[in-house]
Amino acid sequence: MSYLLGIDIGTTTITSVAVDADSGQIVELATTSNDARHNDRPKGRSEWDANRIISQAIKCVKNVVALLGPRAKQIAGIGMTGQQHGMVLVDKHLSPVSPYINWQDQRGNEPNAQGISLIETLAERLGDDQYEKHGCYLRTGFMNVTLHWLTANDQLPVGSRAAFIMDLVASRLCHAPLVSDPTAAGSAGLLNIHTNRWDSDALKELNIPISVLPEVSSVRDQVGTVTNDIAMMTGLPAGIPVFVPIGDNQASFLGSVADRHKQLSINVGTGGQVSAYSATTGQHESLEVRPFPYGGFLLANVGACGGRSFAALEDFFQAVARDIFGIQPDRSAYERMKELADKTIASDTGLTCSPLFTGTRQDPSQRASWSGLSPENFTPALMTRALLEGMADTFHEGFAAILSCGVQGITEIVGAGNGIRENAVLQQCIETTFNMQVRKPLQREEATLGAAITAAIGCGILKDLSDSSRWIQYE
């Protein structure tokens, strides 16, 4: 029997799983906190201790290997994924020479003396064909914007290289040069997604030297093999192949969608993503066109509508208890909110909600609102139900954008992430809005399972992407 390791370098947690190569079942799992964020940075900056992230990742691998015990000798390969868009600068020894600046960083939205944001200035310089070439528009927190900012502020050390965090961890496991799969490289906003090469014209416009970027490789290739030093630190056998990491959106899709031609993915965590596979690119202002491993593209509607929206309303109810009634709640209100929302339909009363508390990538200034309020429907139950119905409507708008790009044949929804798993009312709202069934994967760690699938294909344990569908099961 063989095992594959999947590793996910997430924003809040770092997870590693060991997967049975025959069944695709996760047999062991270890999770550690990603507690590396610097909390003393100016407002709008999202900077993290990259060395701490690396050490936590290695700790996580060590923990899952310990759970495997003697079975660790049968690990055939390691696949990796992690948060996209952000970056860290490293020297020739793969040691960080900057903080890790992740996707939440807002310096691209900071205005200049004329009140114009950096994003607006750079977008004008790149011209009208940037979306067609890169599959996305400029966004703050993307590697392209951060690299430009660092260059303009003389904070790009000579000889340094930019790395996605999962690519850096992979290279450190092997002591090998940085490489990046198009699924990750595309999130930089600098990759020509048609050629899978860095866009030299965009680099010139943004004053970014091509020498700072990692080599674009393929998930089919190995970064290298586990070194003796890493083997001693983790308990891994030396020489295990480590495959080029992929982006977390694509990994989650791989680890939850059994039939990419018929299933739509709705992943609800802190935010929400609606994604569908397409053999060709499309174009819509609310979508990002992301390279898909082994060919094709993922059309992704990436929004701020997700668990954070439900949490914002829960915070309000908690504040009412404290500030109006002088009661200090001793537990979360989530379960009670779901109980109340399950007993009513807000749209029948004329109450609707736009749940975009933190805006969208297209318009960060958008804010949430309830409309159609009356004395009869201004209740906690109906406000909660309206928010969940509004989330379902927002996801459906993303689906409509995907359909406008020519995608056909979607008959089923795969609901992933705790925002759907732990909220049956939201699942019900989605099924009603879409008139489709929502199926929930049996394996909860979709992204880490997707990473393990890439390793299984790289090792030849799975023949191809179609073969991996036998690993995906639903509740």
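Conventions adopted
Residues numbered from 1 in each chain as written. Predicted model: local features only at pLDDT ≥ 70, side-chain atom pairs only at ≥ 80, totals over all residues. Heavy atoms only, no water. Axes fitted to C-alpha atoms, helices over the stretch in contact; angles between N-to-C directions. Helix = DSSP H or I, 4+ residues; strand = E, 2+ residues; numbered from the N terminus. Parallel < 35°, antiparallel > 145°, perpendicular 65-115°, else oblique. Left-handed = near helix turned anticlockwise from the far one by under 90°. Contact = heavy atoms within 4.5 Å. Buried < 20%, exposed > 50% of the residue type's maximum accessible area, 1.4 Å probe, protein only. Pairing = 2+ DSSP bridges. Disulfide = S-S within 2.5 Å. 1 Å grid on protein atoms, 1.4 Å probe; cavity = no way out; pocket = protein on both sides within 12 Å on 5 of 7 lines; lining within 4 Å. Points joined across faces, edges and corners; volume = space filled by probe spheres on them. Nonpolar A, V, L, I, M, F, W, Y, C, P; charged D, E, K, R; others polar. Salt bridge = Lys/Arg side-chain N within 4 Å of Asp/Glu carboxyl O.

What follows concerns the packing of helix 10 (residues 307–323) against helix 12 (residues 380–403). A pair of packed helices is characterised by two quantities: the angle between their axes and the separation of those axes. In the contact formed by helix 10 and helix 12, the axes pass within 10 Å of each other and the chain directions differ by 165°. As summarised for this structure, helix 10 and helix 12 are arranged roughly antiparallel, according to the angle between their axes. For the element pair helix 10 and helix 12, the recorded crossing hand is right-handed. Between helix 10 and helix 12, the residues in contact are Ser309, Phe310, Leu313 and Phe317 and Pro380, Met383, Thr384, Leu387 and Leu388, respectively.

The side chains of a regular strand alternate between the sheet's two faces. Where burial is concerned, most of strand 22 (residues 412–416) is hidden: five out of the five residues are buried. Of the two faces of strand 22, both are covered, the one formed by Glu412, Val414 and Ala416 as well as the one formed by Ile413 and Gly415. Sheet analysis places strand 16 (residues 263–268) next to strand 22, joined by five bridges and oriented parallel. If you follow Ser265 over to strand 22, its bridge partner there is Val414. Pairing between strand 22 and strand 23 (residues 438–439): two bridges, direction parallel. Across the sheet, Val414 pairs through a bridge with Arg439, a residue of strand 23.

Time to look at the state of the cysteines. In protein structure, a disulfide is the covalent linkage between the sulfur atoms of two cysteines. Inspection of every chain in the model, using the stated rule, returns zero disulfides. The thiol of Cys305 is unpaired, and the distance to the nearest cysteine sulfur, on Cys353, comes to 8.5 Å. A residue is classified by how much of its surface remains accessible, and Cys305, at 2% relative accessible area, is buried. In this structure Cys405 is a free cysteine whose sulfur lies 14 Å from that of Cys136, the closest cysteine sulfur available. Relative accessible area serves as the criterion here: at 15%, Cys405 is assigned to the buried category.

Gaps left between atoms are located by rolling a probe of water-molecule size over the structure's atoms. Across all of its chains, the model carries three cavities of 30 Å³ or more by this definition. Considered as a void within the structure, the largest cavity measures approximately 60 Å³ in volume. As for the largest cavity, its lining consists of 14 residues, and the residues nearest its centre are Gly186, Ser187, Glu288, Val289 and Arg290. Of all the elements, strand 18 (residues 288–291) adds the most residues to the lining of the largest cavity, at four residues. The residue makeup of the lining of the largest cavity, split by class, is four nonpolar, eight polar and two charged.

This paragraph deals with helix 5 (residues 165–174). For helix 5, the tally of buried residues reaches nine of ten residues, placing the bulk of the element in the interior. Those residues of helix 5 lying buried are Ile165, Met166, Asp167, Leu168, Val169, Ala170, Ser171, Leu173 and Cys174. Once helix 5 finishes, His175 follows within two positions and takes phi at roughly 50°, a positive value.

With that settled, consider the layout of surface pockets. When its volume is computed, the second largest pocket comes out at roughly 380 Å³. Together, 15 residues line the second largest pocket, and Phe317, Gln318, Ala321, Ala333 and Arg336 are the ones closest to its centre. Looking at the lining of the second largest pocket, the elements that each hand over two or more residues are helix 10, helix 11 (334–341) and helix 12. The leading source of residues in the lining of the second largest pocket is helix 10, at four residues. Taken together, the residues that form the lining of the second largest pocket break down as ten nonpolar, three polar and two charged.

This part takes up the pairing of strand 16. Taking burial as the measure, the six residues of strand 16 include six buried ones, the bulk of the element. Both faces of strand 16 are covered, namely the face carrying Gln263, Ser265 and Asn267 and the face carrying Leu264, Ile266 and Val268. Here four bridges tie strand 16 to strand 17 (residues 272–278), and the two strands are oriented antiparallel to one another. Along strand 17, the bridge assignment pairs Ile266 with Val274.

Our next topic: the sheet that holds strand 19 (residues 297–303). In spatial order, the strands read 18-19-17-16-22-23; together these six strands make up an open sheet with mixed pairing. One side of each edge strand has no neighbouring strand; the edge strands of this open sheet are strand 18 and strand 23. Across the sheet, helix 14 (residues 424–434) touches strand 16, strand 22 and strand 23, and the angle it forms with strand 16 is around 145°.

Even without glycine at this site, His85 takes up a positive phi of about 80°. Tracing the sequence through the fold places His85 in the loop between strand 5 (75–82) and strand 6 (88–90). Phi is positive for Asn196, close to 55°, though the residue is something other than glycine. The topology assignment puts Asn196 in the loop between strand 10 (191–192) and strand 11 (197–198).

Time to look at the pattern of salt bridges. Applying the stated criterion to the full structure yields 20 salt bridges. Measuring nitrogen to oxygen at the nearest pair gives 2.8 Å for the salt bridge that ties Arg41 to Asp40. Taking relative accessible area as the criterion, Asp40 reaches 59% and is therefore assigned exposed. The network of salt bridges with common partners includes Asp40, Arg41, Glu47, Asp105 and Arg107.

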